[in-house]
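Structural characterization, general
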Amino acid sequence: MTESRRPRVRLRTTLEGVPAYKPGRPAAPQEGRTTYKISSNENPYPPLPSVVDVVAEAARSMNRYPDMAVTDLSHAIAERLDVPVEHVATGTGSVGVLTQLVTISCEPGDEVVYAWRSFEAYPIVTALSGATAVQVPLTEDARHDLPAMAEAITDRTRLVLVCSPNNPTGPAVTDAELRDFVARVPEDVLVVVDEAYLEFVTDPDAPDTLALYREYPNVAVLRTFSKAYGLAGLRVGYGVAHEPIATSLRKAATPFGVTDLAQRAAIASLGCYDELKERVDALVVERGRVLTALREQGWPVPDSQANFVWLPLGEHTLDFAAACQQAGLVVRPFEGDGARCTIGETEANDRLIEVAGGFRRRLADA
Ligand SMILES: *Cc1c(COP(=O)(O)O)cnc(C)c1O
């Protein structure tokens with residue numbers, strides 16, 4: 001074996017500030033018991049057979065590149081949302097579109113304002129672009145502090161990310177507070193509302209972001225097929241934005257990034273959304289059941305409008321994750337802060353309630 005030599009090539013220094021993304025570990029198999037990965041907010045339901053059939057058929061032509069313009073899917077989305085097709089820009093998951101958004105709006109030294117704690121991809125894509133992250137702490141009840149975010153905008157700010165519902169804590173912003181916020185943002189700053197969990201929202205006060213986008217040309221909406229539509233493994237998401245934002249997003253996309261399989265699966269999924277919505281509704285019912293049970297145990301769990309719940313565990317976070325692991329549940333711990341637990345199969349949810357209850361009693365006894 002030749003000893004590997006360290007290359008001397010010069011890489012961008014900005015990479016030193018880029019956190020490495022920590023994917024949820026797969027659940028380790030356990031003797032005589034099903035294990036559950038509830039760390040990545042995936043949809044626990046397998047894809048609909050009709051969608052699998054469409055993908056299998058599309059696989060027959062995977063020697064070809066996909067439609068680079070993502071024509072049919074863009075039209076299907078535009079029709080569904082009643083927006084001009086020119087305003088739809090797709091990408092390899094909404095994280096792909098998020099990267100495109102940062103690419104088109106930020107140069108080194110510019111500022112990106114977002115709440116913290118929020119989606120782990122935000123610091124990564126911001127740091128990669130060379131822009132500076134301005135993180136605005138969540139409120140006590142784990143919600144966006146939109147007035148503080150408005151205060152944090154400077155003349156270097158190019159982009160503001162609003163995650164609603166917020167990953168990993170769960171609450172959504174309200175229509176009234178988002179409207180107040182957008183009215184305060186200078187019109188040359190792009191506001192992106194990341195609605196990865198939109199379909200799980202039941203709060204009647206939640207924002208109508210498409211109405212905001214129609215009123216304010218600097219507001220864009222980010223959505224995905226990964227969560228409610230259950231296509232996380234195919235990587236397809238989209239943004240809705242005015243021109244020239246949308247065209248710029250298309251310029252910044254990975255060429256042929258959204259595969260033909262993904263495009264067709266997404267179109268098919270839009271076509272059978274009623275069936276998918278039943279599953280979303282069932283997960284929302286389960287979310288309510290888990291929230292109630294955890295609160296009865298005494299956990300101060302914030303509201304969740306998404307497909308996960310947040311346990312504010314502070315210094316006990318890693319111990320809790322270990323207890324879950326022992327019980328065959330992989331949750332997503334954020335050391336020193338809390339754990340995010342996806343609403344999954346009924347048995348996974350039952351087990352989460354059980355482990356959380358036991359852990360709570362042990363904490364009380366300690
Ligand atoms: C899961 C998630 C996404 C979606 O990621 P994809 O790249 O579309 O799979 C986007 N934003 C947030 C906040 C998420 O939690």
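I will try to describe carefully the structure that is included in this document. Nothing here was measured: the structure is a model prediction, and the numbers come from that model.

To continue, consider empty space enclosed by the protein. Inspection of every chain in the model, using the stated rule, returns 2 cavities of 30 Å³ or more. Class assignment for the residues of the lining of the largest cavity results in 9 nonpolar, 3 polar and 1 charged. Within this model, the second largest cavity holds a volume of roughly 30 Å³. What lines the second largest cavity is Val 97, Leu 101, Val 192, Ala 220, Val 221, Leu 222, Gly 239, Val 240 and Leu 249. Elements with a minimum of two residues in the lining of the second largest cavity: helix H3 (93-105), strand S7 (219-224) and strand S8 (237-240). At 3 residues, the largest contribution of residues to the lining of the second largest cavity is made by S7. When the residues that make up the lining of the second largest cavity are grouped by side-chain class, the tally is 8 nonpolar, 1 polar and no charged.

Quick look at the sheet that holds strand S3 (residues 111-116) now. A sheet is described by the order of its strands in space; here 7 strands give the open sequence S2-S8-S7-S6-S5-S3-S4, paired in mixed fashion. Every interior strand has two partners, whereas the edge strands, strand S2 (88-91) and strand S4 (132-137), have only one. Along the sheet, successive strands turn relative to each other by an average axial angle of 25°, direction set aside. Relative to S4, S3 is paired through 6 bridges, and the arrangement is parallel. What sits directly across from Val 112, in S4, is Ala 133. Strand contacts of helix H6 (residues 175-184): strand S5 (157-163), strand S6 (190-194) and S7, with the helix running at about 180° to S5, the strand carrying the most contacts.

Before going further, it helps to examine the site of the ligand. In the neighbourhood of the ligand, 13 residues make up the surrounding shell, with Tyr 197, Thr 224, Ser 226, Lys 227 and Arg 235 lying closest. A distance of 2.8 Å is found between a nitrogen atom of the ligand and a side-chain nitrogen or oxygen belonging to Asp 194. Lys 227 places a polar side-chain atom, nitrogen or oxygen, 3.4 Å from an oxygen atom of the ligand. Summarising the interface, the protein chains cover 93% of the accessible area of the ligand, which totals 390 Å² for the free molecule. A per-element tally of the shell around the ligand places H3 first, with 3 residues. Across the shell around the ligand, the residue classes tally to 5 nonpolar, 5 polar and 3 charged.

Rules behind the numbers
Residues numbered from 1 in each chain as written. Predicted model: local features only at pLDDT ≥ 70, side-chain atom pairs only at ≥ 80, totals over all residues. Heavy atoms only, no water. 1 Å grid on protein atoms, 1.4 Å probe; cavity = no way out; pocket = protein on both sides within 12 Å on 5 of 7 lines; lining within 4 Å. Points joined across faces, edges and corners; volume = space filled by probe spheres on them. Nonpolar A, V, L, I, M, F, W, Y, C, P; charged D, E, K, R; others polar. Helix = DSSP H or I, 4+ residues; strand = E, 2+ residues; numbered from the N terminus. Pairing = 2+ DSSP bridges. Axes fitted to C-alpha atoms, helices over the stretch in contact; angles between N-to-C directions. Contact = heavy atoms within 4.5 Å. Near = heavy atom within 4 Å. Polar contact = N/O pair within 3.5 Å; in protein donor to acceptor, adjacent residues only side chain to side chain. Areas by Shrake-Rupley, 256 points an atom, 1.4 Å probe, with all protein chains shown as cover.

So yeah, pure geometry; function would need other evidence.
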